[in-house]
Amino acid sequence: MTSSTRFHLMIELRIVEPGESDFTSPLILVEVPGKDARSCIDYRRLNKVTRAQYFPLPNIEELIEKVSAAKYISVLDLTRGYWQIPLSPRAQRYAAFVTTFGIFRPLRLPFGLKNAPYYFSRLMASLLRNCEDYAVPYLDDVAIFSQSWEDHLRHLEDILDHLSSAKLNIKLSKCQFAQVYVKYLGHLVGQGLRQPAELNVQAIKDFPTPTTKTQVRAFLGFARYYREYIPEFSVITAPLADLLKGKIRKFTVDWNETCQKAFDELKDKLTENPVLYSPDFTKPFIVQCDASTIGVGVVLSQINEKEEEHPIMFLSKKFSKTEQNYSATERECASIIFAVQKLRCYLDRHQKFVIQTDHNPLVWLDKNVGTNPRLLRWALILQNFNYEIVHRKGKEHRNADSLSRIP
């Protein structure tokens with residue numbers, strides 16, 4: 001479906017209509033690799049002068065505990081949830097946008113507005129009030145949980161009646177009905193069990209056995225970042241540190257059984273407590289991102305009461321051949337987009353979080369992306385998040401940097 005066809009469909013579905021307003025935002029066609037260009041409304045200027053409103057989202061840990069205790073679980077996903085919320089005439093006036101063929105007003109809540117998550121969360125909480133014993137919403141996801149088959153059918157019917165009364169539609173292809181185990185908010189839950197997704201440690205487990213001094217140095221650089229949490233760190237890493245001694249010109253390393261044992265032990269230490277901590281949703285998150293010519297490295301962390309930084313999750317991804325040809329700024333920005341999309345269940349909240357990068361130009365991402373369509377598309381994606389980008393010197397950014405270099 002072309003962008004023109006999609007836009008005309010929005011008019012037919014009464015999502016937008018022609019109108020007049022002295023407050024307008026530009027409609028931009030954004031290129032998407034392998035797909036037709038998409039139309040997006042650039043609300044950055046409007047968001048800058050909009051007073052932020054906050055709605056307390058439920059604690060994820062509490063939701064996971066409640067849902068995981070059930071024997072039968074269903075998860076419902078709403079179809080384009082924002083478009084199912086009507087806008088007031090005043091809001092339509094402020095959210096109007098201009099195109100080459102006229103000015104249009106959105107009749108439904110558009111994507112990209114600063115307070116869209118607030119209104120959607122408030123709607124779902126109000127709609128499912130008094131259903132907390134068997135159903136909980138998290139943005140556009142609704143989890144229904146029961147201890148018996150008969151109760152689950154009754155609970156499911158009740159929630160569907162609530163959604164129907166509000167004229168909300170669900171997307172069947174994304175729903176899970178009457179399951180004993182479901183993947184919910186990054187966890188596999190059900191039957192009284194909860195297992196964190198392998199996402200949080202897979203990047204470390206996938207770190208390959210080093211074959212060169214460069215790879216040994218990268219792994220040790222990452223491990224040293226958390227050395228204060230690993231007892232006898234110097235003793236464990238001694239065989240690996242010895243590989244870096246000798247002639248600098250020698251590129252490969254003499255890997256042996258002792259080195260392999262130290263390498264495996266260090267990986268085990270990095271993926272267990274007290275190095276890897278559970279998230280505290282009352283505190284802001286820190287997302288540390290870095291990109292190399294090989295791939296992306298991401299660390300999700302928080303600061304505790306002792307002003308110590310603790311990692312919560314490690315992520316990495318190898319770049320495709322196309323992505324490897326991106327400019328340095330595009331690769332660094334791609335690492336941020338990868339992070340916020342993978343960590344959405346932690347960051348898709350009203351509390352502000354910090355993105356740390358060693359690429360200083362990205363600090364101005366939300367203000368100036370120039371004419372680069374790829375950076376513009378990514379800047380528009382970030383409109384939905386409450387974040388601040390902070391520059392961090394490269395020598396202080398070695399944990400994310402090392403993960404980005406996993407071959």
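Residues numbered from 1 in each chain as written. Predicted model: local features only at pLDDT ≥ 70, side-chain atom pairs only at ≥ 80, totals over all residues. Heavy atoms only, no water.

Caption draft 1: Inspection of the overall build of the chain at higher detail. Helix and strand counts for the chain come out as 15 helices and 17 strands. Residues counted as buried form 47% of the 407 residues belonging to the chain. For the chain, the share of sequence-separated contacts (at least 6 apart) that also reach a separation of at least 24 residues comes to 72%. For the chain, the computed accessible surface area is about 21100 Å², with 51% contributed by carbon and sulfur atoms. (Helix = DSSP H or I, 4+ residues; strand = E, 2+ residues; numbered from the N terminus. Buried < 20%, exposed > 50% of the residue type's maximum accessible area, 1.4 Å probe, protein only. Contact = heavy atoms within 4.5 Å. Areas by Shrake-Rupley, 256 points an atom, 1.4 Å probe, with all protein chains shown as cover.)

Caption draft 2: Examining a nonpolar patch on the surface more closely. A cluster of nonpolar side chains, Val180, Tyr181, Leu188 and Leu193, forms an exposed patch at the surface whose accessible area comes to about 330 Å². Its location among the elements puts tyrosine 181 in the loop between strand E9 (176-179) and strand E10 (182-184). Overall, tyrosine 181 belongs to the partly exposed group, its relative accessible area being 40%. (Patch = residues over 30% accessible without salt bridge, like charges linked within 9 Å, V, L, I, M, F, W, Y side chains within 5 Å. Salt bridge = Lys/Arg side-chain N within 4 Å of Asp/Glu carboxyl O.)

Caption draft 3: Structural detail: the sheet that holds strand E13 (residues 286-291). Ordered by their spatial adjacency, five strands build an open sheet running E15-E14-E13-E16-E17, and the pairing between neighbours is mixed. The open sheet terminates on both sides in strands that have one partner only, identified here as strand E15 (309-318) and strand E17 (387-391). Looking at each pair of strands side by side, their axes are set apart by 20 degrees on average, direction ignored. Where strand E14 (residues 295-303) lies against E15, nine bridges are found, and the strand directions are antiparallel. Paired with valine 299 across the bridge in E15 is phenylalanine 314. Along the sheet, helix H12 (residues 328-342) contacts E13, E14, E15, strand E16 (353-357) and E17; its crossing angle with E13, the most-contacted strand, is approximately 140 degrees. (Pairing = 2+ DSSP bridges. Axes fitted to C-alpha atoms, helices over the stretch in contact; angles between N-to-C directions.)

Caption draft 4: Molecular detail of the side chain of arginine 392. As for its placement among the helices and strands, arginine 392 is situated in the loop between E17 and helix H15 (398-403). One polar contact links arginine 392 to glutamine 356, side chain to side chain, over a distance of 3.5 Å. (Polar contact = N/O pair within 3.5 Å; in protein donor to acceptor, adjacent residues only side chain to side chain.)

Caption draft 5: Seen up close, the confidence of the model for the chain. Looking at the chain, pLDDT values average 83 and 87% of them are 70 or higher. Within the chain, strand E12 (residues 193-196) has the poorest average pLDDT of any element, 67, and helix H6 (residues 149-165) the best, 95. (pLDDT = per-residue confidence, 0-100.)

Caption draft 6: Structural detail: unusual backbone geometry. A positive phi angle is found at alanine 178, which is not glycine, with a value near 50 degrees. Inspection of the secondary structure assignment puts alanine 178 in strand E9.

Caption draft 7: Spotlight on the packing of helix H8 (residues 213-224) against helix H9 (residues 233-242). At a minimum axis separation of 11 Å, H8 and H9 run at an interaxial angle of 170 degrees. Accordingly, the angle class assigned to the pair H8 and H9 is roughly antiparallel. On the side of H8, the interface is formed by Val216, Phe219, Leu220, Ala223 and Arg224, while H9 contributes Phe233, Thr237, Leu240 and Ala241. Tallied by class, residues from the contact of H8 with H9 come to seven nonpolar, one polar and one charged. (Parallel < 35°, antiparallel > 145°, perpendicular 65-115°, else oblique. Nonpolar A, V, L, I, M, F, W, Y, C, P; charged D, E, K, R; others polar.)

Caption draft 8: Fine view of the packing of aromatic side chains. Across all of its chains, the model carries 15 aromatic pairs by this definition. When the ring of phenylalanine 97 is compared with that of phenylalanine 104, the centres are 6.1 Å apart and the planes differ by 20 degrees; the resulting orientation is stacked. Phenylalanine 104 matches phenylalanine 97 in its accessibility class, with the two residues each being buried. Their ring planes at 85 degrees and their centres at 6.3 Å tell us that phenylalanine 353 and phenylalanine 385 sit as a pair that is edge-to-face. Of this pair, phenylalanine 353 sits in strand E16 while phenylalanine 385 sits in the loop between helix H14 (373-381) and E17, placing them 32 residues apart in sequence. An identical accessibility class is assigned to phenylalanine 353 and phenylalanine 385; each is buried. Three or more aromatic residues joined by ring pairs form one cluster here, namely Tyr82, Trp83, Phe111 and Phe120. (Phe/Tyr/Trp six-rings, centres within 6.5 Å; stacked < 30°, edge-to-face > 60°.)

Caption draft 9: Local environment of H8. Its 12 residues give H8 an end-to-end C-alpha distance of 16 Å, which sits within 8% of 16 Å, the value for a rise of 1.5 Å per residue. Among the residues making up H8, those that are buried are Lys213, Val216, Ala218, Phe219, Leu220, Gly221, Phe222 and Ala223. (Expected span 1.5 Å × (residues − 1).)

Caption draft 10: Region of the structure containing the pattern of salt bridges. Under the criterion given, the structure shown has nine salt bridges. Two residues, aspartate 151 and arginine 154, come together in a salt bridge whose shortest N-O distance is 2.9 Å. Remark: arginine 154 and aspartate 151 occur in helix H6; sequence separation between them is three residues, near one turn of the helix. With relative accessibility at 28%, the residue aspartate 151 sits in the partly exposed group. A salt bridge links arginine 374 to glutamate 330, with the shortest nitrogen-to-oxygen separation between them at 3.0 Å.

Caption draft 11: Highlighting H9. Of the residues making up H9, those classed as buried are Phe233, Ile236, Thr237, Pro239 and Leu240. Buried residues of H9 fall within an arc of 150 degrees about the axis and therefore sit on the same side. In this fold, the buried residues of H9 make contact with H8 and helix H10 (257-270). (Arc of directions from axis to C-beta.)

Caption draft 12: Examining the sheet that holds E9 more closely. Strand order in this open sheet of four strands is E7-E8-E4-E9, and the pairing throughout is antiparallel. Taken across any chain shown, the strands that pair with only one partner, and hence form the sheet edges, are strand E7 (135-138) and E9. On average, each strand axis in the sheet is inclined to that of its neighbour by 15 degrees, with strand direction left out of account.

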